[in-house]
Amino acid sequence: MYNYRSFFKVACIGLCMCMIVMLNVSCSCKKEIRNDVSENKLNTDDLKPAYGDILIEGTIADAQTLNPLLSTDTASGDVIELIFNGLIKYDENLDIIGDLAEKWEVTETGFKFHLRKDVKWHDGEKFDADDVVYTYKLMMNPLVKFQYRSYYKYVKSVRKLDEFLVEVEYTKKTANSLLIWGTEILPEHILKIEKDVNNCTFNKKPIGTGPFKLKSWLEGDRIELESNKDYFEGKPFLSRYMFRVIPNKSVMFLCLQKGEIDFMYLKPDQFRKQSQNEGFKSLFSLFSYADFNYSYMGFNLNNPIFKDKNIRKAITMAINRNEIIEGVIFGLGKVCTGPFPTISWAYDQTYKPLEYSLVKAKELLLNDGWKDSDNDGILEKDLNNDGNDEILKFELLTNNGNRSRELTATIIQDQLRKIGIKVVTRFLEWNTLNRDFIDAGNFDAVILGWELSKDPAFINNIWESSSINEGNNFISFNNSEVDKLLEEGTLTLDKEKREVIYKKIYRLIADEYPYVFLYSKNSLVAVNKRFHGISVSPAGIKHNLIKWYVPKKLQKY
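Scoring rules and cut-offs
- Residues numbered from 1 in each chain as written.
- Predicted model: local features only at pLDDT ≥ 70, side-chain atom pairs only at ≥ 80, totals over all residues.
- Heavy atoms only, no water.
- Helix = DSSP H or I, 4+ residues; strand = E, 2+ residues; numbered from the N terminus.
- Buried < 20%, exposed > 50% of the residue type's maximum accessible area, 1.4 Å probe, protein only.
- Pairing = 2+ DSSP bridges.
- Arc of directions from axis to C-beta.
- Polar contact = N/O pair within 3.5 Å; in protein donor to acceptor, adjacent residues only side chain to side chain.

**Topic: unusual backbone geometry**
Leave glycine aside and you will find that most residues have negative phi; peptide bonds, for their part, are mostly trans.
Reasoning step 1: A positive phi is found at Leu94, a non-glycine position, where the angle reads about 65°.
Reasoning step 2: With respect to the helices and strands, Leu94 occurs in the loop between β3 (88-90) and β4 (96-98).
Reasoning step 3: Note on Leu94: relative accessible area 23%, which makes it partly exposed.
Reasoning step 4: Within the chain, Ser476 stands out as a residue other than glycine whose phi angle is a positive 70°.
Reasoning step 5: By secondary structure assignment, the location of Ser476 is in the loop between α13 (460-463) and α14 (480-491).
Reasoning step 6: A relative accessible area of 15% means that Ser476 is categorised as buried.

**A look at the pairing of strand β6 (residues 110-115)**
Reasoning step 1: Counting buried positions over the six residues of β6 gives five, a clear majority of the element.
Reasoning step 2: Alignment of strand β5 (residues 101-106) against β6, held across five bridges, turns out to be antiparallel. The residue of β6 that forms the bridge with Lys103 is His114.
Reasoning step 3: Count of turn residues in the β5/β6 antiparallel hairpin: three residues.
Reasoning step 4: Examined bridge by bridge, β6 and strand β8 (residues 165-170) share five bridges and lie antiparallel to one another. Opposite Phe111, over in β8, you have Val168 as the bridge partner.

**Re helix α12 (residues 430-438)**
Reasoning step 1: Along α12, the residues classified as buried are Trp430, Leu433, Phe437 and Ile438. For α12, the angular spread of the buried residues around the axis is 85°, confining them to a single face.
Reasoning step 2: Sitting at the head of α12, Glu429 places a side-chain oxygen 3.0 Å from the backbone nitrogen of Thr432.

Okay, structure coming up:
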């Protein structure tokens, strides 16, 4: 269950936040709804695992594609993880175990993957080594829009040795040599007839090997999956799993309370304020756990103002992150000081960030030549040496509909005004923000977030200079020492040595202030109490989804 996106995830947390025109919020999938039965009235036998029922998850955005190689958004990834498998995956403790590969041998030049012999595609065809080799060829095909191709640059060859044995050889072995095979495998027998994998029927009607298979997709409304009775790890207890698109979190919460959905990721205020009454707690289980994410304000380093490190440093000093954590996410997170989430082993716990000080921030700006000549509260400076002062001003963008980001932007606007910086906030629809501003490099500063892989090797795509024009380094960060260390961290196999390398990377990036690193927030989840078998682990909440069940007397659909 916990595979490809868990290894490669470097997606904007806001990527699934594109606002879709709201459709009917009433649930039309109800069939023979049973009267609610209190668990207090049931005995132990009544609570035994049983097959049946549907779990309906609320999602703020629809999927964009269900082809794993083309997916870059969270909404698509959440569905894809239930439909497909990789060769390996993380278990609940973030140890690497076999998935489509039952085991692997470490060779001098790579790995030999021994594939499971009991796996079928959802159409009944047998999975084998041809599918693995074909998927690799697709990933390496420059015409296929696969975002993570660079992670395979040291792969020399992928060869079929027999029907269920694949050999992978590398020009260089790296720390993520094994991790990259968490990528989902695609069916050769279906895709080999397609002329353009980027635009084909499969992307909307996928065939996978996973625990659930696509039943229907009503775009902009819902994606319904049904259990795969032939799943090699055992048939899921749940008969179906539905993702219901509800673009407004407040409306989604009402749907949860009305029983129209069963599962949602809560906003901090919903978790802290609206979910703490006894009536809600009697119907829903609440979960709060640390996750591999952080939010940040990123500077466009091509902007003349932000090329000045002192400006970035002063802004960092003037932002009270604790105030943001308390006011925006209600204390459900921790201050983040650098490019790794607070629960990552690469996070430098000893790094001391700049102290919050409006006095020192303003002093830094004054020493840099900024002054308030007209006493209007905003600093000015002759940037072009032409005798004309320019005010210290920038535009701060984020995606609309994300209340936490909008509120963060407003707080930052107020905080920076206190040191003489004028901030103009602008909230844009996600696709517009991404296409017309971020991708185009047409922005001053932006509030976004990263949801990252569990292994630090996968941050290269964000920070290496080669990713400025093709990758996630849209702020144009360029540091040759960081480039060198990122490569070294990828090629080093010993974890203790890697930890030293990534701590150096951490400090080098943090000391350049390319972002104001804001906070790592907890994942907040509410699930209807009729669902049993749920356990939160370092891998999150869905790691054992196939074991979730609803006792027969509590089943609703």
